[in-house]
Amino acid sequence: MNTQNIQNNEEEIDFKEIVNTLHRYRVMIIFITLLFTVVAAYIAYFKSNTYKATSTVEVGVDSGGGRGDVLSRAMSPGAVNADTEITIIKSRFLAKKAAQKVDVLHRYYTTRKYKEIELYKESPFVVGMLRGYGISFDLYPVDKKHYRLVAKDLYNANGTISDYDKILPYGEEIDTKQFHLNVVHVKPFHDEKYRFVVLNPKNEGVIAQSGVSASQTSKYSTILQISKEDNVALRAQEFSNALADAYLEQNIEKKTKEATKKLNFIDKQLKLITENLKGSAVKIEEFKKSKNTISLSSKAENIIRQMSEKEAQLSEINMEQAMLKRLYQEVKSGKNIESLSVVGMDESKSPLSEMIIELQNAVLKKKILREDYTEMYPQVVKLRKTIVQLKKVIIATTENMKRNIEEKKVLLEKALATQQKLLNKLPADERMFGQLQRKFAVNEKIYSYLLEKRSETAIVKAATVSKNRVIDTALLPGSPVKPKRKLIILVGALLGLIVGIALAFLRAYLDDRIKTEDDVSHMTRVPILGMVPHMKDDADKLKVFLSPKSGFTESFRHIRTNLQFMEKHSKAQVIAVTSTIGGEGKTTVCINLAGIMSMSGKKTILINLDMRKPTLHTKFNLKNTKGMSTLLSKHTTLKEVIQHTEYENLDVITSGPVPPNPSELIQNSLMPRLLEKLNDIYDVIILDTPPVGLVADARTLMHLADVNIFVIRAEYSQKGFIRGIEQMYNTEGVNGLGILINDLKSNRGAYGYGYGYGYGYGYGYGYYEDDKK
C-alpha cells in the first residue's frame, strides 16, 4: 500500500513538473507555434494550385466466337487486362499523342496579389520558338506595337554569361546565338510584367505524362477513370479528354491495321491479274482470227473446265504457301512481328490468324510499357513470357500447315497432269485453243475472287469501331485538389506546438538552475525555512518597513515564525546567513530578516562579516569607517562599532575598511567572545557571512551560530549547489541548517507553498495586498 502511494505521489510530482515547465516557457511555445503557423500560411498561400479533371471510359470486350471472317476474329482483343490498359493510358506514347491536341509546351505567367499564376489561353500574346527552349523570358509591354524582352544569365558559346534586354516590335523574329523566337500580340495587356518559357518538344511526352493517372472504379469493373492533374484547370480538362480520345484512337488504329495490310496486298494482286487477264483475252482473239476457230467440242470443254478449276485451286495454294513461308521466317527471326500479315490465308486457318493478332498485341503492349519501365517490371515479364510461348505455338502450327498444303499441292499437280494427258490427245488446234481458254478462265476466276475479297475487306475496315467508348468527358474543375491550405496551416501550427514543447523540455533539461521548491526538496533532506517572492522594485531597500502588508513582508513573517521553533544554545538566537556564490540575495535577506525581527519587539543586531565585498552599510546609509575589521584587529571597541539605525530595535555593525587578512580576523578568538557579549544585549544576532562556496570564512562562523540559513536564489542558483549543502548537512554537523529560497518568480509565489509551513503565513499572504504608494 505504501509503495503504491509513493508511486502515485511520484506520478503526481512528474505531472506537476510537466505543467510547470510548460508554464515557464509558455511565451516561447506560443511564439514558435505562431511562427510555424505564419510560415505554413505563407507556404500555403504561395503554393501553386493543382486542379484535377477526370474522364470516364468503358473498355469493351468482343465475344469473337460467332464470326467466321478471319479479320473480324482477329480484331477481338480478348479479355480486358485492367493493369495493362491502365499502364497504356499512363504511358509516354499515349501522352504524346494527346499532347498533339493540347499545348503543354508554352507556359505564360504573370504576378497577381504577390503570387505568380499561369495564364494558358488567357495570355495576351503567343510565342513561336525555334531555338532557346527552357530559357525564362520576362516581357514588359511598352505600347501597342512594342514590348521589352529581358533574359538573364544566358550562356554563350565561349562559356561566358550575358543578359539580353531590348525593346522590340511585335511580330518580328528575333534570332540570336542563344534563341530564335517570335512574339505576337493577340489580346489587350492587363499587367505590367509577364514571364514565359517554351519547353523542349523532344520532352513533350514526358512533360505531358506528368500528372496522368488511371484507375478502375471497382476491382472487376471495365470502367476506367482517366485523370490529369495540372496547375491550370482548363488544361487539365482538355488534356484528360484528349487522352481519352487518344486511347480510343490507338485502339481503332490497332484494329484496322490488319485490314489495311490486306487491302494493299489485294490491290497488288489485282494489278497483276488484270494484266494477265487482258493478255489472255488478246491471245484468244488472235488465235480465233488466225485459225477460224469459234468454239471447242464438248469433250475439250470438259477437260478445260476441270483443268481451270484445278489451276485456280493451285494458284490459291501457292499464294497461301508463299504467305506461310514468309510468316514462318519472320516469326522465327523475331523481326518485324508487329507488321506481320495473315493476308492470303484460308479462313479455315483462323486459329493461326488469331494467334498472330494476339502475338502482335502482346508485342505492341510490351513496346509501350518499355518506354516507361524496365525489363524487370512485372507486366513486361509477363508479356515477354507470353510472346515466347505464342511464337513457339505459331511456328509449330505453321510447320504443320506447310506440310498439309504441300500434300494438297501434290495431289492437284497429279490431277492436272492427268487432265493434261487427255488434252494432249485432242487435235493440235483444238488443244492450243483449249489452253488459251483455260488460262483466261483461271485468271478470270482469280480476278473475281480478289474483287470479292477486296470488297469484303473494305467494308470491314469502314465499319470498324472501337469497343471502347467515352462515358463521361472531363468537366472544368471548380476548385483545386491541392494544396490543402487549411490542413497545411493546421499541420504547421501543430508542428510548431510540438517543436515549441520539445524545445521547452530541452531547455528545462539543459537548464541546471533551481526554479521551484520541488527542485530543492527532491535533492536534499535539509528543511526549507521559507520562500521569498520576487520583488518588482525597491530590491535594495528594507521592503519589510516600506511595505509591511505586502506578500514579500509576509514571507519574512513566515520565516520568523519558523525560526522561533529552532534550537538556540544561548540567551540570544544567533543566525548566520550565507550562500554558495554572490548574487543570490544573501544581504537582502539579512536586512529584511533583521527588520522583521525588530518589528516583533526583539532587539536585533545585524553584523556584516563579508569584509571582502561590503555592501550592508549602503542599505542603511551608514558610515563604514569603523566596523568588524577594526574591532577584530583591536583598533576599536564594541561600543564604537555598533551603529543605531532609524528603525527601532535594530542596530548594525558594518564590516569596516577592507582588511588584508579577513579570514584570520574571523578565525580570531575574539569572535566567540564578541558573540557572548552581544548575547547579553540583544535577542537576535544575525551574521551576514561571505559566500561559503568562494571562501572558508563562512564555515567558521556557521559553527558559532544556532541557526544557519543557506540562501538559494530561484532562476539563478544551480542545482549543483544543493549537493554541497547536503554534504554540509550530513558531515560537518552545522547547527540548525535550513534553506531559504529567494526571488521566486512563479505566479504561485510564496502563496502557493505557504500552507505547508504555517497557516498564519498562508492566510496573511492571501489576505493582505501590496501597498500602493
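Cut-offs applied
Residues numbered from 1 in each chain as written. Predicted model: local features only at pLDDT ≥ 70, side-chain atom pairs only at ≥ 80, totals over all residues. Heavy atoms only, no water. Helix = DSSP H or I, 4+ residues; strand = E, 2+ residues; numbered from the N terminus. Contact = heavy atoms within 4.5 Å. Buried < 20%, exposed > 50% of the residue type's maximum accessible area, 1.4 Å probe, protein only. Lys, Arg positive; Asp, Glu negative; His and termini not counted. Salt bridge = Lys/Arg side-chain N within 4 Å of Asp/Glu carboxyl O. Polar contact = N/O pair within 3.5 Å; in protein donor to acceptor, adjacent residues only side chain to side chain. Pairing = 2+ DSSP bridges. Axes fitted to C-alpha atoms, helices over the stretch in contact; angles between N-to-C directions. Patch = residues over 30% accessible without salt bridge, like charges linked within 9 Å, V, L, I, M, F, W, Y side chains within 5 Å. Areas by Shrake-Rupley, 256 points an atom, 1.4 Å probe, with all protein chains shown as cover. Core = buried A, V, L, I, M, F, W, Y, C linked by side-chain atoms within 4.5 Å. Phe/Tyr/Trp six-rings, centres within 6.5 Å; stacked < 30°, edge-to-face > 60°. Parallel < 35°, antiparallel > 145°, perpendicular 65-115°, else oblique. Left-handed = near helix turned anticlockwise from the far one by under 90°. Expected span 1.5 Å × (residues − 1).

**Thoughts on the overall build of the protein**
Okay, so step 1: Looking only at helices and strands, the protein features 25 helices and 21 strands.
Okay, so step 2: Taking as baseline every contact in the protein between residues at least 6 positions apart, the subset at least 24 positions apart corresponds to 77%.

**Examining the side chain of Arg 560**
Okay, so step 1: For Arg 560, the location among the structural elements is in helix α15 (residues 551-564).
Okay, so step 2: Buried Arg 560, no salt bridge; nearest opposite-charge side chain is Glu 554, N-O distance 7.7 Å.
Okay, so step 3: Of note is the side chain of Arg 560, whose polar atom sits 2.8 Å from the backbone oxygen of Ile 596.
Okay, so step 4: Residues contacting Arg 560, with those up to four places away along its chain left out, are Ile 596, Met 597, Met 599 and Ser 600.

**Some details on the sheet that holds strand β15 (residues 573-579)**
Okay, so step 1: Here eight strands make up an open sheet; going across it, the order is β14-β21-β20-β15-β19-β16-β18-β17 and the pairing mixed. The outermost strands of the open sheet, each flanked by one partner alone, are β14 (528-533) and β17 (642-644). If you compare each strand with its neighbour and ignore which way they point, the axes differ by 25° on average.
Okay, so step 2: Bridge count for β17 against strand β18 (residues 650-653) is three bridges, and the pairing is antiparallel. What sits directly across from His 644, in β18, is Asp 651.

**Section: a nonpolar patch on the surface**
Okay, so step 1: A cluster of nonpolar side chains, Phe 31, Leu 35, Val 39, Tyr 42, Ile 43, Tyr 45, Phe 46 and Tyr 114, forms an exposed patch at the surface whose accessible area comes to about 870 Å².
Okay, so step 2: Along the chain, Tyr 42 falls in helix α2 (residues 26-46).

**Quick notes on the nonpolar core**
Okay, so step 1: Ranked by internal contacts, the top residues of the largest apolar core, which has 30 residues, are Ile 575, Leu 593 and Ile 709.
Okay, so step 2: Elements supplying a minimum of two residues to this core: β14, α15, β15, α16 (586-599), α17 (616-620), β18, β19 (684-688) and β20 (707-713).
Okay, so step 3: When residues in this core are grouped by element, the largest group, seven residues, is from α16.
Okay, so step 4: Counting 27 residues, the second-largest nonpolar core is a separate cluster that includes Ile 86, Ala 95, Val 104 and Ile 226.

**A few points about the pairing of β15**
The side chains of a regular strand alternate between the sheet's two faces.
Okay, so step 1: Counted residue by residue, β15 has seven buried out of seven residues, so it is predominantly covered.
Okay, so step 2: With burial as the criterion, each face of β15 is covered, one bearing Gln 573, Ile 575, Val 577 and Ser 579 and the other bearing Val 574, Ala 576 and Thr 578.
Okay, so step 3: Both β15 and β19 contribute to a ladder of five bridges, which runs parallel. Along β19, the bridge assignment pairs Gln 573 with Val 684.
Okay, so step 4: Pairing of β15 with β20 involves five bridges; the strand directions are parallel. Pairing of Ile 575 across the sheet is with Val 707, part of β20.

**Regarding the sheet that holds strand β9 (residues 180-185)**
Okay, so step 1: The three strands are arranged β4-β9-β8 in an open sheet whose pairing can be described as antiparallel. The open sheet terminates on both sides in strands that have one partner only, identified here as β4 (125-131) and β8 (173-175). Sheet twist, expressed as the average angle between the axes of neighbouring strands with direction ignored, equals 15°.
Okay, so step 2: Where β4 meets β9, six bridges bridge the pair, whose relative direction is antiparallel. Note that in β9 the partner of Val 127 across the bridge is Val 183.

**A look at unusual backbone geometry**
Okay, so step 1: In this structure, the amide linkage connecting Lys 482 to the following residue, Pro 483, adopts the cis form with an omega of -5°.
Okay, so step 2: Position of Pro 483 relative to the elements: it lies in the loop between β13 (469-472) and α12 (485-510).
Okay, so step 3: Its identity as a non-glycine residue notwithstanding, Lys 634 has a phi of 65°, on the positive side.
Okay, so step 4: Note on Lys 634: relative accessible area 63%, which makes it exposed.

**Digging into the pattern of salt bridges**
Okay, so step 1: This model, assessed by the stated rule, comprises 23 salt bridges.
Okay, so step 2: Here Arg 131 and Asp 175 are joined by a salt bridge, their closest N and O atoms 2.7 Å apart. Taken as a pair, Arg 131 in strand β4 and Asp 175 in strand β8 lie far apart in primary sequence, 44 residues in all.
Okay, so step 3: With a closest N to O distance of 3.9 Å, Glu 375 and Lys 366 form a salt bridge.
Okay, so step 4: Here Glu 375 falls in the partly exposed class, since its relative accessible area comes to 29%.
Okay, so step 5: Connected through salt bridges with shared partners, the residues Arg 107, Glu 118, Asp 230 and Arg 235 form a single ionic network.

**Some details on helix α4 (residues 82-89)**
Side chains of residues three or four places apart in an α-helix project in the same direction, reflecting 3.6 residues per turn.
Okay, so step 1: Counting buried positions along α4 gives seven out of eight residues, so the element sits mostly inside the fold.
Okay, so step 2: Listing the buried residues of α4 in full gives Ala 82, Thr 84, Glu 85, Ile 86, Thr 87, Ile 88 and Ile 89.

**Focus on the packing of aromatic side chains**
Okay, so step 1: Evaluated as defined, the whole model comprises 14 aromatic pairs.
Okay, so step 2: Taking 5.0 Å as the distance between ring centres and 80° as the angle between the ring planes, the aromatic pair formed by Phe 137 and Phe 179 counts as edge-to-face. Residue Phe 137 is located in strand β5 (residues 137-141), and its partner Phe 179 is located in the loop between β8 and β9; the two are separated by 42 residues in the primary sequence. Like Phe 179, Phe 137 is buried.
Okay, so step 3: Plain terms: the ring middles of Phe 545 and Tyr 647 are 3.9 Å apart, the flat faces sit at 5° to each other, and that makes the pair stacked. With Phe 545 in helix α14 (residues 543-546) and Tyr 647 in the loop between β17 and β18, the pair connects residues that are 102 residues apart, well separated along the chain.
Okay, so step 4: Among the aromatic residues, those joined into a ring-pair cluster are Tyr 108, Phe 125, Phe 137, Tyr 147, Tyr 164, Tyr 170, Phe 179, Phe 189, Tyr 194 and Phe 196.

**Some points on the packing of α15 against α16**
Okay, so step 1: Between α15 and α16, whose axes approach to 9 Å, the crossing angle comes to 75°. What the angle tells us is that α15 and α16 run roughly perpendicular. Only Val 589, Asn 592, Leu 593, Ile 596, Met 597 and Met 599 of α16 make contact with α15, whose side of the interface consists of Phe 552, Thr 553, Phe 556, Arg 557, Ile 559, Arg 560 and Leu 563.

**Focus on the side chain of Lys 515**
Okay, so step 1: By the secondary structure assignment, Lys 515 is in the loop between α12 and α13 (517-521).
Okay, so step 2: For Lys 515, a relative accessible area of 6% gives the class buried.
Okay, so step 3: Of the polar contacts made by the side chain of Lys 515, one reaches the side chain of Asp 511; its length is 3.0 Å.
Okay, so step 4: Looking at Lys 515, its side chain comes within polar contact range of the main-chain oxygen of Arg 513, at 3.1 Å.
Okay, so step 5: Each residue touching Lys 515, except ones within four places of it in the same chain, is listed here: Arg 24, Tyr 25, Ala 714, Glu 715 and Leu 744.

**Brief notes about the pairing of β19**
Okay, so step 1: Counting buried positions along β19 gives five out of five residues, so the element sits mostly inside the fold.
Okay, so step 2: Of the two faces of β19, the one lined by Val 684, Ile 686 and Asp 688 and the one lined by Ile 685 and Leu 687 are each fully buried.

**Considering the packing of α2 against α12**
Okay, so step 1: The geometry of α2 relative to α12 is characterised by a closest axis approach of 7 Å and an angle of 150° between their N-to-C directions. The orientation of α2 relative to α12 falls into the category roughly antiparallel. Read as a crossing pair, α2 and α12 show a hand that is right-handed.

**Remarks on helix α21 (residues 670-681)**
Okay, so step 1: With 12 residues, α21 should cover 16 Å at 1.5 Å per step; its first-to-last C-alpha distance of 17 Å lies within 8% of that length.
Okay, so step 2: Those residues of α21 not exposed but buried are Leu 670, Met 671, Leu 674, Leu 675, Leu 678 and Asn 679.

**Description of the environment of Pro 614**
Okay, so step 1: Here Pro 614 lies in the loop between β16 (604-608) and α17.
Okay, so step 2: According to the relative accessible area criterion, Pro 614 is buried, its value standing at 19%.
Okay, so step 3: Along the primary structure Pro 614 and Val 658 are separated by 44 residues, whereas in three dimensions their C-alpha atoms are 7.9 Å apart.
Okay, so step 4: When residues no more than four places from it in sequence are discounted, the contact partners of Pro 614 are Asn 608, Asn 624, Ser 655 and Val 658.

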